[in-house]
Amino acid sequence: MAELSLQHIDKIYDNNVQAVFDFNLDVKDGELIVLVGPSGCGKSTTLRMVAGLEDISNGHLLLDGKDITQTPAKDRDMAMVFQSYALYGHMTIYENMAFSLTLRKEDPNVIHKKVLAAAEILGLTSQLNKKPAQLSGGQRQRVAMGRSIVRNPKVFLFDEPLSNLDAKLRGATRREILLLHKRLQATMLYVTHDQTEALTLADRIVCMSMGHVQQVGTPLELYDSPNNVFVASFIGLPPMNFYDVKVVGKELQGNGLKVALSDEEQAVLAGYQGKEITLGVRPENFTEGTEFKVTVTNNENLGMNTLVYGTGEGNVKVTAKLKGWKNYKVGETAGFNIVRKHFFDKETTNAIRGDK
Ligand code: ADP
């Protein structure tokens, strides 16, 4: 069992920089939580506070109900996997994986069993006698994970573990981490700036900006119902398009945009009649149509999809992800309909969800 509870946690560094503000999260046993956000938003600081590598300025950290806010890192029963694998170059893979157990003076027979079991899980059995330099980046990252697994910690902490790998290996290693999580059923906290990693790995995502949690939810919740413009723009690739529009009767109007609202959408926007709002449209929520006309600036064929970039009235930009292979010419007029809309309050930038 390993349940973590982060309660009203702040981090104020010695130079008075506040990196984390009132962080609250209950992590269930066996859950994989991904902290995601742009560089500098406080993800690593949060992870390092959980690990015990940074003091917690205010608030409490509980592991299985026990307050460990003041517990030293080495007594927290957590293992951290870093971006730099930090393997010992002169030791074999076996020795690297066994190192922490050897330090603890565990029984060599027990160490042997644990290292072999971890190597088996990670597909490293045939690599155990090699030195780190003989392994690929992806294999080295697996050794780093193996070092954590042999310790059988209550909580695994990952700090951007895939950042040093090239795109292909990143994808493969990401899938390995997911399998590892399924296999170990361990509680994991994973930090990344990459929204794809967050969407593909997480049971729940914590999206952060400037030290503040913006939203906690499943990948689908963050994708489908983002709390505010920040989350809407950060989750999803290519990012959501945003437009300044006015609610006029049963329509949204703005720079060349004239979009009819369904009854349900009108109900959601009931309090915004005659007011300006921000309309959000995911690129994949455009289809070819007539509601919104733009001049094409680029056509990118991705195989299954085509990204069409355009500029509308008032220099409004559009990125549309259309199904199939399209051949729009630069300068040509393209028309789109919008199949799914997101509405945001212009002042607060919060999602408008009506009374729901
Ligand atoms: P992220 O992991 O999201 O990139 P960090 O947690 O590393 O962000 O940093 C959050 C903020 O805290 C940043 O503004 C960063 O400059 C600041 N910060 C990080 N470490 C320190 C430190 N040791 N001393 C002072 N400020 C720091």
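Not measured: the values here are computed from a predicted model.

Procedures and definitions
Residues numbered from 1 in each chain as written. Predicted model: local features only at pLDDT ≥ 70, side-chain atom pairs only at ≥ 80, totals over all residues. Heavy atoms only, no water. Near = heavy atom within 4 Å. Polar contact = N/O pair within 3.5 Å; in protein donor to acceptor, adjacent residues only side chain to side chain. Areas by Shrake-Rupley, 256 points an atom, 1.4 Å probe, with all protein chains shown as cover. Helix = DSSP H or I, 4+ residues; strand = E, 2+ residues; numbered from the N terminus. Nonpolar A, V, L, I, M, F, W, Y, C, P; charged D, E, K, R; others polar. Axes fitted to C-alpha atoms, helices over the stretch in contact; angles between N-to-C directions. Parallel < 35°, antiparallel > 145°, perpendicular 65-115°, else oblique. Left-handed = near helix turned anticlockwise from the far one by under 90°. Contact = heavy atoms within 4.5 Å. Disulfide = S-S within 2.5 Å. Buried < 20%, exposed > 50% of the residue type's maximum accessible area, 1.4 Å probe, protein only. Domains from an automatic or database assignment. Buried area = accessible area lost by both parts, 1.4 Å probe. Salt bridge = Lys/Arg side-chain N within 4 Å of Asp/Glu carboxyl O.

So, the site of the ligand
If you check the shell around the ligand, you find Tyr 13, Asn 15, Ala 19, Pro 38, Ser 39, Gly 40, Cys 41, Gly 42, Lys 43, Ser 44 and Thr 45 and nothing else. At a separation of 2.6 Å, an oxygen atom of the ligand approaches a polar backbone atom of Gly 40. Residue Thr 45 places a side-chain N or O atom 2.4 Å away from an oxygen atom belonging to the ligand. Protein contacts shield 61% of the accessible area of the ligand, which totals 560 Å² for the unbound molecule. If one sorts the elements of the shell around the ligand by residue count, helix H1 (residues 43–51) sits on top with 3 residues. Tallied by class, residues from the shell around the ligand come to 4 nonpolar, 6 polar and 1 charged.

Re the packing of helix H2 (residues 93–103) against helix H3 (residues 108–122)
Between H2 and H3, the shortest axis-to-axis distance is 10 Å and the interhelical angle comes to 135°. Classified by the interaxial angle, the pair formed by H2 and H3 is oblique. H3 is crossed by H2, and the crossing has right-handed handedness. Each of Tyr 94, Met 97, Ala 98, Leu 101 and Thr 102 in H2 lies in contact with H3, whose residues at this interface are Ile 111, His 112, Lys 114, Val 115, Ala 118 and Ala 119.

Some details on the state of the cysteines
Scanning the model with the defined rule gives 0 disulfides in all. A disulfide-free cysteine, Cys 207 has its sulfur positioned 7.6 Å from the sulfur of Cys 41, the nearest such atom.

Concerning H2
Among the residues of H2, those classed as buried are Ile 93, Asn 96, Met 97, Ala 98 and Leu 101. Buried residues belonging to H2 abut H3 and helix H4 (137–149).

Some words on the domain arrangement of the protein chain
Its domain assignment divides the protein chain into domain 1 (4–234) and domain 2 (241–345). Between domain 1 and domain 2, the C-alpha centre-to-centre distance is 39 Å. Between domain 1 and domain 2, the residue contacts involve 8 residues of the former and 6 residues of the latter. When domain 1 packs against domain 2, the two sides together hide about 640 Å² of surface, and 55% of this comes from carbon and sulfur. Summed over the shared surface of domain 1 and domain 2, the result is 1 salt bridge. Residue Asp 224 is joined to Arg 340 by a salt bridge in which the shortest nitrogen-to-oxygen separation is 3.5 Å. At the boundary of domain 1 and domain 2, one finds 3 residue pairs in polar contact (both at pLDDT 80 or more). Of all the elements in the fold, those that place two or more residues in the side of domain 1 that touches domain 2 are helix H7 (219–224) and helix H8 (229–234). Classifying every residue of the side of domain 1 that touches domain 2 by side-chain character gives 5 nonpolar, 2 polar and 1 charged.

Details of the environment of Ser 163
In this fold, Ser 163 is placed in the loop between strand E7 (155–159) and helix H5 (167–184). The exposure class assigned to Ser 163 is partly exposed, which follows from its relative accessible area of 29%. Taking the C-alpha atoms as reference, Ser 163 lies 8.4 Å from Thr 192; in sequence the two are 29 residues apart. Discounting residues that sit within four places of it in the chain, Ser 163 has contacts with Gln 83 and His 193.

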